[in-house]
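Given next are the chains, with one letter for each unit.
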Amino acid sequence: MKTKKFTLSTTQIILLSFLVTILLGSLLLALPISSADGKAVPYLDALFTATTSTCVTGLVTLPTVSTWSIFGQVVILILIQIGGLGIITIMSGLMLLLHRKMGIGDRLLIQDAFNLNTMSGLAKFVKNVLFGTLIIEGIGALLYMTVFVPEFGARGIWISVFTAISAFCNAGIDIIAENSLCNYVTSPTVNLVTSALIILGGLGYIVWWDVLRVIKSRTKKNRRIFRHLTLHSKIAITVTAGLIFVGAILIFIFEYNNPLTIGEMPLFDKIQVSLFQSVTTRTAGFASVPQENLTNAASAVSIILMLIGGSPVGTAGGMKTVTIAVLLCSALATIRNKNSATLFGRRVSEGSIKKAVAVAVSFLTICTASTVLLMTTSNASALDVVYETVSATATVGLSRNLTSTLDTLGKLIIIVTMYFGRVGPISLAVALGSKNEVQNVISEPTEEISIG
């Protein structure tokens with residue numbers, strides 16, 4: 001009898017690659033050499049730090065700046081870079097560097113890792129992703145140096161590099177101070193550079209190449225860039241810009257008279273802090289004001305922004321801008337009794353709508369389960385718990401000062417939540433599910449049900 005060969009699906013390989021990276025990272029961080037005082041940190045904290053770094057979340061149980069040695073910080077930064085780009089992308093880049101030809105299996109892995117619809121031009125895509133990432137992170141580091149080198153001296157170079165990579169990968173982990181970027185709350189340079197890196201990482205690589213394509217192909221007679229972008233890019237850019245500015249306006253209004261945040265600041269500083277809070281909730285996780293000091297209304301706005309997150313095929317998490325746009329468009333079409341949902345004059349496919357529903361349901365299921373479980377182990381307020389679990393699921397990293405108070409079970413809940421949130425609800429469902437069943441020619445009978 002011929003034995004059946006056991007093979008892993010491409011999605012399962014991606015899931016396992018993140019898991020193996022986390023475990024290896026946790027073992028390195030558990031070594032005494034990784035600790036600033038030379039004493040090994042508890043393994044659970046090392047595992048938590050490896051998970052939050054690889055999943056580019058930013059929630060930490062121990063202060064990064066004072067807990068970890070240079071070796072430990074280097075390990076964390078490598079995990080952040082791997083988590084932001086994906087282990088499959090980095091391995092593919094190494095293959096190309098060694099002039100190894102990419103096989104069909106390698107191409108399938110890259111296609112699934114970036115959720116792409118085509119397998120053509122994948123080698124060039126990987127090169128562009130790695131090269132573009134390196135350039136943007138490098139520019140970000142140089143701009144940070146204008147602030148951090150004068151303040152910290154030679155150490156400012158390392159701080160600049162670390163912060164640039166963390167910001168672009170939407171990780172939100174820094175080695176500046178224990179209060180994140182609160183010491184630079186009114187620094188235009190730090191706010192602007194960090195926001196730019198977060199937005200560029202969150203927009204996604206597909207949008208980058210699409211914008212560059214249109215810019216290169218435009219003529220003197222036709223200089224309108226937005227008009228010639230793909231539907232995906234139009235949605236990602238429009239929703240991103242809308243959420244940032246609407247979020248900033250709402251936070252500005254709700255925090256205007258709050259003395260614990262921006263209440264006593266000049267008007268310009270109030271505006272830039274509100275903008276930064278709106279940007280960083282898009283799964284970045286840097287805090288320029290203590291999140292526990294926000295009003296309930298501003299916290300609610302932040303939770304919504306965290307849930308939505310960035311755009312597909314980027315470094316950000318959340319349900320994604322395109323997912324939300326498709327869901328709202330589909331709902332509006334149903335309300336108007338239209339046969340199809342349209343965006344920017346283009347019909348949205350039924351497959352895209354089904355994927356959007358699946359992503360949203362899976363994401364909210366993980367978030368809800370995590371919230372209920374954490375509430376059973378913590379005495380914190382409901383708002384603090386929801387803020388924490390949404391931040392973990394959407395891989396944001398903002399916390400209302402709850403992470404450091406979690407007990408063992410609470411840490412494990414957040415670790416699992418961060419992992420599931422990073423690998424993606426759809427990827428998780430596919431990986432854990434069995435192989436697709438062969439569809440029957442005769443389908444099940446249809447029966448109408450009442451909705452709403």
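Residues numbered from 1 in each chain as written. Predicted model: local features only at pLDDT ≥ 70, side-chain atom pairs only at ≥ 80, totals over all residues. Heavy atoms only, no water.

Some words on the overall build of the protein chain
Looking only at helices and strands, the protein chain has 18 helices and 2 strands in total. Per-residue burial for the protein chain yields a buried fraction of 51% across its 452 residues. Considering only residue pairs separated by 6 or more positions, the protein chain has 69% of its internal contacts joining residues 24 or more positions apart. Total accessible area on the protein chain is roughly 22300 Å²; 65% of this is exposed by carbon and sulfur atoms. (Helix = DSSP H or I, 4+ residues; strand = E, 2+ residues; numbered from the N terminus. Buried < 20%, exposed > 50% of the residue type's maximum accessible area, 1.4 Å probe, protein only. Contact = heavy atoms within 4.5 Å. Areas by Shrake-Rupley, 256 points an atom, 1.4 Å probe, with all protein chains shown as cover.)

Let's talk about the environment of Leu364
Positionally, Leu364 belongs in helix α15 (residues 350–377). Counting along the chain gives 26 residues from Leu364 to Val390, while the straight-line C-alpha distance between them is 9.1 Å. Leu364 has contacts with Leu307 and Met319, leaving out every residue within four places of it along the chain.

Digging into unusual backbone geometry
One non-glycine residue, Asn337, lies in the positive phi region at around 60 degrees. Residue position: Asn337 is located in the loop between α14 (321–335) and β1 (342–343). Here the phi dihedral of Phe344 falls at roughly 50 degrees; this positive angle occurs in a residue that is not glycine. For Phe344, the location among the structural elements is in the loop between β1 and β2 (346–347). Owing to a relative accessible area of 39%, Phe344 belongs among the partly exposed residues under this scheme.

Re a nonpolar patch on the surface
A contiguous nonpolar surface patch, about 600 Å² in accessible area, is contributed by Leu16, Leu19, Val20, Leu23, Leu24, Leu27 and Tyr43. The element that contributes the greatest number of residues to the nonpolar patch is helix α1 (residues 10–29), accounting for 6 residues. Its place among the elements puts Leu19 in helix α1. Given the relative accessible area of 35%, Leu19 is considered partly exposed. (Patch = residues over 30% accessible without salt bridge, like charges linked within 9 Å, V, L, I, M, F, W, Y side chains within 5 Å. Salt bridge = Lys/Arg side-chain N within 4 Å of Asp/Glu carboxyl O.)

Some details on the environment of Arg213
In this fold, Arg213 is placed in helix α10 (residues 205–217). Residue classification places Arg213 among the partly exposed positions, given a relative accessible area of 41%. Counting along the chain gives 12 residues from Arg213 to Ile225, while the straight-line C-alpha distance between them is 9.6 Å. Excluding residues within four positions of it along the chain, Arg213 makes contact with His228, Leu229 and Thr230. In this structure the side chain of Arg213 is engaged in a polar contact, spanning 3.1 Å, whose partner is the backbone oxygen of His228. (Polar contact = N/O pair within 3.5 Å; in protein donor to acceptor, adjacent residues only side chain to side chain.)

Re the confidence of the model for the protein chain
Per-residue confidence for the protein chain gives a mean pLDDT of 86; residues scoring 70 or more make up 83%. Low pLDDT, under 50, characterises residues 432–439; the predicted model gives this stretch 0 contacts beyond four residues in sequence or across chains. (pLDDT = per-residue confidence, 0-100.)

Points about the nonpolar core
Soluble, globular proteins show a tendency: their nonpolar side chains are buried together. Within the largest apolar cluster, 65 residues are counted, with the highest numbers of intra-cluster contacts made by Leu29, Ile80, Phe148, Leu197, Tyr205 and Ile414. With 7 residues, helix α7 (residues 122–152) is the single largest residue contributor to this core. If we ignore the near neighbours within four places in the chain, the residues touching Phe148 are Gly153, Gly156, Ile159, Ser160, Thr163, Ile176, Tyr184 and Val190. (Core = buried A, V, L, I, M, F, W, Y, C linked by side-chain atoms within 4.5 Å.)

Observations concerning the packing of aromatic side chains
Under the defined criterion, the tally for this structure stands at 10 aromatic pairs. On the basis of an interplanar angle of 75 degrees and a centroid distance of 5.9 Å, the ring pair of Trp158 and Phe162 is categorised as edge-to-face. Within this pair, Trp158 and its partner Phe162 are both found in helix α8 (residues 155–168), separated by 4 residues, close to a single helical turn. Take Phe162: its relative accessible area is 0%, and that puts it in the buried class. With 5.5 Å between their ring centres and 85 degrees between their planes, Trp208 and Trp209 make a pair best called edge-to-face. Of the residues examined, Trp209 reaches a relative accessible area of 23% and is grouped as partly exposed. (Phe/Tyr/Trp six-rings, centres within 6.5 Å; stacked < 30°, edge-to-face > 60°.)

Things to note about helix α2 (residues 43–54)
Here α2 is 12 residues long and its end C-alpha atoms lie 16 Å apart, about the 16 Å a rise of 1.5 Å per residue gives. Buried residues dominate α2, accounting for 11 of its 12 residues. Listed as buried for α2 are Leu44, Asp45, Ala46, Leu47, Phe48, Thr49, Ala50, Thr51, Thr52, Ser53 and Thr54. One or two steps after α2, the chain reaches Val56, where phi turns positive at roughly 45 degrees. (Expected span 1.5 Å × (residues − 1).)

Some points on the packing of helix α11 (residues 231–255) against α14
In helix packing, the relevant descriptors are the interaxial angle and the interaxial distance, both defined with respect to the helix axes. With their axes 9 Å apart at the nearest point, α11 and α14 run at an angle of 95 degrees to one another. Judged on the interaxial angle alone, α14 and α11 are roughly perpendicular. Contacts between α11 and α14 involve His232, Ile235, Ala236, Val239, Thr240 and Leu243 on the former and, on the latter, Thr321, Val322 and Ala325. Classifying every residue of the contact of α11 with α14 by side-chain character gives 6 nonpolar, 3 polar and no charged. (Axes fitted to C-alpha atoms, helices over the stretch in contact; angles between N-to-C directions. Parallel < 35°, antiparallel > 145°, perpendicular 65-115°, else oblique. Nonpolar A, V, L, I, M, F, W, Y, C, P; charged D, E, K, R; others polar.)

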